[in-house]
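An overview of the molecular structure
The chain contents come next:
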2 protein chains.
Amino acid sequence: MPYFDSASAAPLHPVARQALQASLDEGWADPARLYREGRRARLLLDAAREAAAEAVGCRADELVFTPSGTHAVHTGVAGVLAGRRRIGGHLVVSAVEHSSVLHAAEVHEAHGGTVTEVPVDRTGAVTAAGYREAVGASTALACLQSANHEVGTVQPVAEVAEVCAEAGVPLLVDAAQSLGWGPVEGAWSVLAASAHKWGGPPGVGLLAVRKGVRFSPQGPTDERESGRSPGFANLPAIVAAAASLRAVLAEADAEAARLRILVDRIRRRVVRLVPDVEVVGDPDRRLPHLVTFSCLYVDGEILLHELDRAGFSVNSGSSCTSSTLTPSHVLRAMGVLSEGNVRVSLPPGTSAEEVNAFLEVLPGAVAGVRDRLGVAAPEPAAPEADEVEVDALGLRCPQPVIELARAIGRVPVGGTVTVLSDDEVARLDIPAWCSMRGHVYLGEAPVPGGVAYRVRRTV
Amino acid sequence: MPYFDSASAAPLHPVARQALQASLDEGWADPARLYREGRRARLLLDAAREAAAEAVGCRADELVFTPSGTHAVHTGVAGVLAGRRRIGGHLVVSAVEHSSVLHAAEVHEAHGGTVTEVPVDRTGAVTAAGYREAVGASTALACLQSANHEVGTVQPVAEVAEVCAEAGVPLLVDAAQSLGWGPVEGAWSVLAASAHKWGGPPGVGLLAVRKGVRFSPQGPTDERESGRSPGFANLPAIVAAAASLRAVLAEADAEAARLRILVDRIRRRVVRLVPDVEVVGDPDRRLPHLVTFSCLYVDGEILLHELDRAGFSVNSGSSCTSSTLTPSHVLRAMGVLSEGNVRVSLPPGTSAEEVNAFLEVLPGAVAGVRDRLGVAAPEPAAPEADEVEVDALGLRCPQPVIELARAIGRVPVGGTVTVLSDDEVARLDIPAWCSMRGHVYLGEAPVPGGVAYRVRRTV
C-alpha cells in the first residue's frame, strides 16, 4: 500500500529505530545529573549534537534541539526579533513559507511589528531582487524556506543570503523539507528543521543560530539547551534523529537521483493521462521526491478518498479538503489552480512499480470524481447571448468553475460570462481556469452576497 | 546498581516500551490527514487522550498533550494569565514550586505583572490560609504543586482549591511529582504533568484546562491540540505515556504502601547512622517514594560522587553541587539546612535490599567527606574570649559552617561568634546549624565584601 506523503511525515528509518531502542536503555536519565546514568545520557546528547551540527554545517554549540520543527521556527523567529529589537520591528518572509513561520509573523504583527511578504512567481520561487526590495534599515529578520513544502520548488537561498548579508539582516532558513537531502547552501544565520521529515522520530526539531547573531530567547527558559529550549530533553528521540539524519544523508544523492526520475515521469505523464490538469512548481529547481498538480472540475477531498480507496496516500492543498475553506496559501501566492489539488511526495525506497500503479489508477479516479460532479457531459455548443451571468452563490469549490465551464459555450467568442460566487477559492481558480483555457480574465467586482468574476471568451 | 533518582527521571516502564514499539509502526503518520495511515494515527491519539483524561479525572476535550511537563506549565500559566488579563495581572505561587512555574512567574513580572509567593513552613507545606491571604480581586491565577519535588511534602491542594474557588481565582496544579500515584484531589482548574516522571517516555506533558476557565494560548499556535500546543504531535511517545500512566496507576496503591515503608526506614535510620543530619519534609503527608536529608559539614557534590562510586545514584539540592552557586530555593524557603543535601527517590520496584545497602554505605561516605574537609578533628575546648570573629570570606559551602563549628568552642556559653562570609548559602545554613545545635542565631549585618552572621553560644 504505497504511502506518498513523506512531506507530511515519514515512517521511522531503520537506523532511527535501532538508535531509539538503544537510547531507551542508555539515555533515559537526566543529562544534567552527576551520577553515571546522567553522565551516560550527557555523552549521548553531546554525540547527537555533534552529529547533527556536522550534518547542518555549523558548530555544535550553535545547535540546540527543540520539541519539533515548529518550535524551532517559533523560537528562532522570536529570539532574533527580540535580540534585534533596537534595530527595528520589521520582519520579511516569503509568501509561501510554512504556516509555522507565518503564524510567528502574525504574532509579531499582533504585538506591533511589521511584516513584508515577498511574492513568488508562478513556480513558487522568490527572487533575490524581491528580498533586496523588502529588507530595509529597520529589518530585524528575514525568513526563507530552503524548498517549498507544497510544490517542491527550491528557493535561491544562497543569493537571498547574500542580499541579506549586504543589508546586515540575518536570514532564518526553514530547512524542514530539504535537510534530509543535504545541507543548506549559502551564508544563512539561523536554521530550523524537523526530524520526522527525514525519517527520524517525531518530537525533535533543530535550531541552529550562528555565533554573532543577536539572539534573545523569549518566554520562560531554563538551563537546558543553552537556555533556548526549555524542558527535559527528549533524549532517545534526539539520538534517533541524529543517527537517522546521518544515515539518510549518506544515501541522499543516490536516492535523490532515483526519485527525481520517478517524479519526472509523474510530471510528464500526468498531463498526458488526465485532461485539464496543471502541474505546478518548478520542473527543475525542485525537491527530488515531490510533485504537485491540480485537476480542473475536481473536488480535492473526494479525489483523496478515491485514491485512498485505491491504496494511495497523498495530500492536497485544495480548499475543498478537510477542515479549511480557503485554498492553500502557497497555491494562492503562486496564482495557480487549487481545485483538485494533489501533492505526491515519495518516501525513500519508493519503487517504479508503485509510481506506475499510481499513474494507472489516477486517470480513472479523476474521471470518476468528474462524473459524479456531472462535468463529463459536453458543454452546450450554441451561443445564446453576448453576455451571460451565472449565479454560483452558495456553491463551493469546484462548482463555481464547473458552472463557468458550462456557461462559456453560451456566449460567442468575444462574449462575456460573469460568475457570481461567494467561495473564496473562485478568486484563485477562475483566473487559473482562464489561463489554462486561453480565455481572458477581466476582473472582479463586489456584488450583494459575493463577488462577480468576469471572463471574456476568446477561443 | 540502584538508581534512586526517579523524581528526576524514571527508566521506561515495560508497558510504555511495548506501546512505543507498537505505535512506531502504527502511529507515525500525521493524525490530521485523511488517508488510512492518518486515520490510524488519529485513532491512537484519540484513545491516548481518553486514557490520559480518565487518569487525570477530566474530559478528553479538556486535555492536550505538550512536549514536556515544563511546556505544560508554561502554556498553562501564560494561557490563564492572558485569558484573565481583564481581571488583573496578579499571580500567586508557592515559594517551593518547580522552577518551570517560577520561571513563568519571572516572565510575568518582567512584562509588568505582579507575583506573590506564598511561604511554607519548615516541612515545606503551604496552608490554605496562606493562599487566602495572597489572592485578591486582581488575582488572575494561583499555582500550587500537588507535592514537592525536592522534599516530597504533599500540599493541601483540595483546601487551597476551595479557597481559590471562593475567591473566584482558578488554581493551576503542577502534578508532575504525584500523578503517577493517583489523581489530584480537589476542584483544580488547570493541571500540568510530565510523562517521564511516571515511567513514560520523555517528550510528553499533559495540560488539562477545565471547561469554563478563560484561556488564551500565547505565542504562535496552529491547528494541533485545540490550538494549545503547536507542532507535529509526538504520537508514539504520547501513546506510550498514556499506556504507562494507566499501568502505573493500576499498581500505585500497592507500590506506594511498599515504598512508604522503605522510605520510613531511611527517615528513621539516617538520623541514627549519621551524626549531624537533618531529615527534611513532612514525615507523614509526603510522597511515598521520596526522602531528603542534609548533612552538616558535607560538600553535597563530593558526597554525590562518593555515593555514585559506591553504586548509588541520588540527587542533591545543595548549593555546592554542579553548576549552581545558590542553594535550592525549596530548602531556602523552608529555612532548613542545605549543605550535604541528599534526595533519595525510589523508582517502583526498589527492593528492601537495595535500601539496606544504601544505608550501609551512607555513614562511611559522609564520614569520608567530613574527614577530607578536616571536620572529624575534635573542636577546641578552651574558650579564649567572649567574642570571636571568624573570617570565612572567599570560602564556599560547607566551609563557613565548618569554621563556625570550629570557633564555637573558643567562646564560653553566652559568648558570641561572628562569621564573615560572602557565600550565599551561609544565610541559610548558619541559622539552620544554630537550630540543630541549640545555639541562638542573632542575625546578620553587611560588612565590606560580605555579611557578618552572629551566633550566641548557649550550650
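This one's a predicted model, so the numbers in the text were calculated from it and none came from an experiment.

Rules of the game
Residues numbered from 1 in each chain as written. Chains lettered and ligands numbered in written order. Predicted model: local features only at pLDDT ≥ 70, side-chain atom pairs only at ≥ 80, totals over all residues. Helix = DSSP H or I, 4+ residues; strand = E, 2+ residues; numbered from the N terminus. Rg over C-alpha atoms; globule rule 2.2 N^0.38 Å. Buried ≥ 20, exposed ≤ 12 C-beta atoms within 10 Å, placed from the backbone. Contact = placed C-beta atoms within 7 Å. Least-squares fit on C-alpha atoms with pLDDT ≥ 70 in both. Nonpolar A, V, L, I, M, F, W, Y, C, P; charged D, E, K, R; others polar. Core = buried A, V, L, I, M, F, W, Y, C linked by C-beta atoms within 7 Å. Domains from an automatic or database assignment. Pairing = 2+ DSSP bridges. Axes fitted to C-alpha atoms, helices over the stretch in contact; angles between N-to-C directions. pLDDT = per-residue confidence, 0-100. Right-handed = clockwise from strand over helix to strand, strands pointing away. Left-handed = near helix turned anticlockwise from the far one by under 90°. Expected span 1.5 Å × (residues − 1). Arc of directions from axis to C-beta. Parallel < 35°, antiparallel > 145°, perpendicular 65-115°, else oblique.

**Examining the overall build of chain A**
Looking only at helices and strands, chain A features 12 helices and 14 strands. Radius of gyration (C-alpha) of chain A: 24 Å, near the 23 Å computed for a compact globule of 459 residues. Dimensions of chain A along its principal axes, counting C-alpha atoms only, are 85 × 50 × 35 Å. Relative to its full complement of 459 residues, chain A shows a buried share of 57%. At a minimum sequence separation of 6, the contacts of chain A that also span at least 24 residues come to 72%.

**Brief notes about the relation of the copies chain A and chain B**
A rotation about some axis, followed by a shift along it, carries one copy of the chain onto the other. Laying chain A over chain B is done by rotating through 180 degrees and shifting 0.0 Å along the axis; what remains is an RMSD of 0.1 Å. The transformation relating the two chain copies, once decomposed into turn and shift, fits a two-fold axis. A share of 100% of the interface residues of chain A reappears at the interface of chain B, consistent with the copies meeting face to face through the same patch.

**Observations regarding the interface of chain A and chain B**
Listed as interface residues are 48 residues of chain A and, on the opposing side, 48 residues of chain B. Of all elements in the fold, only α1 (14–26), α2 (36–56), α3 (69–83), α4 (99–110), α7 (235–273) and α8 (300–309) of chain A reach the threshold of two or more residues within the side of chain A that touches chain B. Here the side of chain A that touches chain B takes five residues from α4 of chain A, the largest share from any one element. Class assignment for the residues of the side of chain A that touches chain B results in 22 nonpolar, 18 polar and eight charged.

**What to know about the nonpolar core**
Counting 305 residues, the largest nonpolar core has Ile238 of chain A together with Ile238 of chain B as its most contacted members. In this structure Ile238 of chain B touches Leu45, Ala48, Phe65, Val204 and Ala233 of chain B, once residues within four positions along its chain are discounted.

**Brief notes about the domain arrangement of chain A**
Domain parsing of chain A yields domain 1 (14–248), domain 2 (253–372) and domain 3 (387–456). Averaged C-alpha coordinates put domain 1 of chain A and domain 3 of chain A at centres separated by 42 Å.

**So, the sheet that holds strand β5 (residues 171–174) of chain B**
Residue and element names in this part refer to chain B. Strand order in the open sheet made by the seven strands is β1-β7-β6-β5-β4-β2-β3, with mixed pairing throughout. One side of each edge strand has no neighbouring strand; the edge strands of this open sheet are β1 (63–66) and β3 (114–118). Going from strand to strand, the sheet's axes swing by 20 degrees on average, the running direction of each strand aside. Note that strand β4 (residues 139–145) and β5 share four bridges and pair parallel. Bridge assignment links Leu144 to a residue of β5, and that residue is Val173. In this fold helix α4 (residues 99–110) packs onto β2 (90–94), β3, β4 and β5, with an angle of close to 155 degrees to the strand it touches most, β2.

**Details of the confidence of the model for chain A**
Residue-level pLDDT values for chain A average 94, and 97% of them are 70 or greater. Among the prediction metrics, the complex's ipTM stands at 0.92, with pTM recorded as 0.94.

**A closer look at the sheet that holds strand β12 (residues 416–421) of chain B**
Residues and elements named next belong to chain B. Taken together, the four strands give an open sheet; going across it, the order is β11-β12-β14-β13, and neighbouring strands pair in mixed fashion. Edge positions in the sheet fall to β11 (387–391) and β13 (440–447), since each of these pairs with one other strand and no more. Between one strand axis and the next, the sheet turns by 20 degrees as a mean value, whatever way the strands run. Contacts from helix α11 (residues 399–407) reach β11, β12 and β14 (450–456) within the one sheet, and its direction differs from that of β12 by about 160 degrees.

**Some details on the pairing of strand β11 (residues 387–391) of chain A**
Residues and elements named next belong to chain A. Relative to strand β12 (residues 416–421), β11 runs parallel, the two sharing five bridges. Among the inter-strand pairings, Glu389 is bridged to a residue of β12, identified as Thr418. Once you follow β11 into helix α11 (residues 399–407) and on to β12, the crossover reads as right-handed.

**Looking at the packing of α2 of chain A against α7 of chain A**
Residue and element names in this part refer to chain A. The N-to-C vectors of α2 and α7 enclose an angle of 35 degrees; their axes lie 9 Å apart at closest approach. Taken as a pair, α2 and α7 cross one another with a handedness that is left-handed. When α2 is examined against α7, the residues Ala41, Leu44, Leu45, Ala48, Ala51, Ala52 and Ala55 are found in contact with a partner set consisting of Leu235, Ile238, Val239, Ala242, Leu245, Arg246 and Leu249. Grouping the constituent residues of the contact of α2 with α7 by class yields 13 nonpolar, no polar and one charged.

**Here's the deal with helix α2 (residues 36–56) of chain B**
Given 3.6 residues per helical turn, the α-helix brings residues three or four places apart onto the same face. Residue and element names in this part refer to chain B. Under the 1.5 Å per step criterion, the end-to-end length of α2 is 30 Å for 21 residues, consistent within 8% with the ideal 30 Å. All of the buried residues along α2 are Glu37, Gly38, Ala41, Leu44, Leu45, Ala48, Arg49, Ala52, Ala55 and Val56. Buried positions in α2, seen along its axis, are confined to an arc of 135 degrees and lie on one side of it. Those residues of α2 that are buried are in contact with α1 (14–26), β1, β6 (190–194), β7 (205–209) and α7 (235–273).

**Looking at the environment of Ala254 of chain B**
All names here are of chain B. In this structure, Ala254 sits in helix α7. Ala254 gets classed as exposed once you count the C-beta atoms within 10 Å, which come to 10. Sequence separation between Ala254 and Leu235 is 19 residues, and the spatial gap between their C-alpha atoms is 30 Å.

**Let's talk about the environment of Asp284 of chain B**
All names here are of chain B. Along the polypeptide, Asp284 turns up in the loop between β8 (277–280) and β9 (290–295). Judged by local crowding, Asp284 falls into the exposed class, with 9 C-beta atoms found within 10 Å. With 130 residues separating them in the primary sequence, Asp284 and Val154 have C-alpha atoms 8.9 Å apart.

**So, unusual backbone geometry**
With glycine set apart, most residues show a phi of negative sign, and most peptide bonds adopt trans. The step from Cys397 of chain A to Pro398 of chain A runs through a cis peptide bond, and the omega angle for that step is 5 degrees. Relative to the helices and strands, Pro398 of chain A resides in the loop between β11 and α11. In the Ramachandran plot, Tyr297 of chain B falls in the positive-phi region, its phi being about 60 degrees despite a non-glycine side chain. Relative to the helices and strands, Tyr297 of chain B resides in the loop between β9 and α8 (300–309).

**Observations concerning the packing of α1 of chain B against α7 of chain B**
All names here are of chain B. At a minimum axis separation of 8 Å, α1 and α7 run at an interaxial angle of 150 degrees. As the angle between them shows, α1 and α7 are arranged roughly antiparallel. Between α1 and α7 lies a crossing whose hand is right-handed. Where α1 approaches α7, its residues Val15, Ala16, Ala19, Leu20, Ser23 and Leu24 are matched on the opposing element by Leu235, Pro236, Ala237, Val239, Ala240, Ala243, Ser244 and Ala247. Tallied by class, residues from the contact of α1 with α7 come to 12 nonpolar, two polar and no charged.

**Thoughts on α8 of chain B**
Counting buried positions along α8 of chain B yields seven of 10 residues, so the element is predominantly enclosed. Those residues of α8 of chain B that sit buried are Gly300, Ile302, Leu303, Leu304, Glu306, Leu307 and Asp308 of chain B. Where α8 of chain B is buried, its residues touch α2 of chain A together with β9, β10 (341–345) and α10 (352–373) of chain B. Gly311 of chain B sits one or two residues past α8 of chain B and shows a positive phi near 100 degrees.

**Describing the environment of Ser226 of chain B**
Residue and element names in this part refer to chain B. Within the secondary structure, Ser226 is located in the loop between β7 and α7. When the 15 C-beta atoms within 10 Å are taken as the criterion, Ser226 is described as partly exposed. Taking the C-alpha atoms as reference points, Ser226 and Phe65, 161 residues apart in sequence, are found 9.9 Å from one another.

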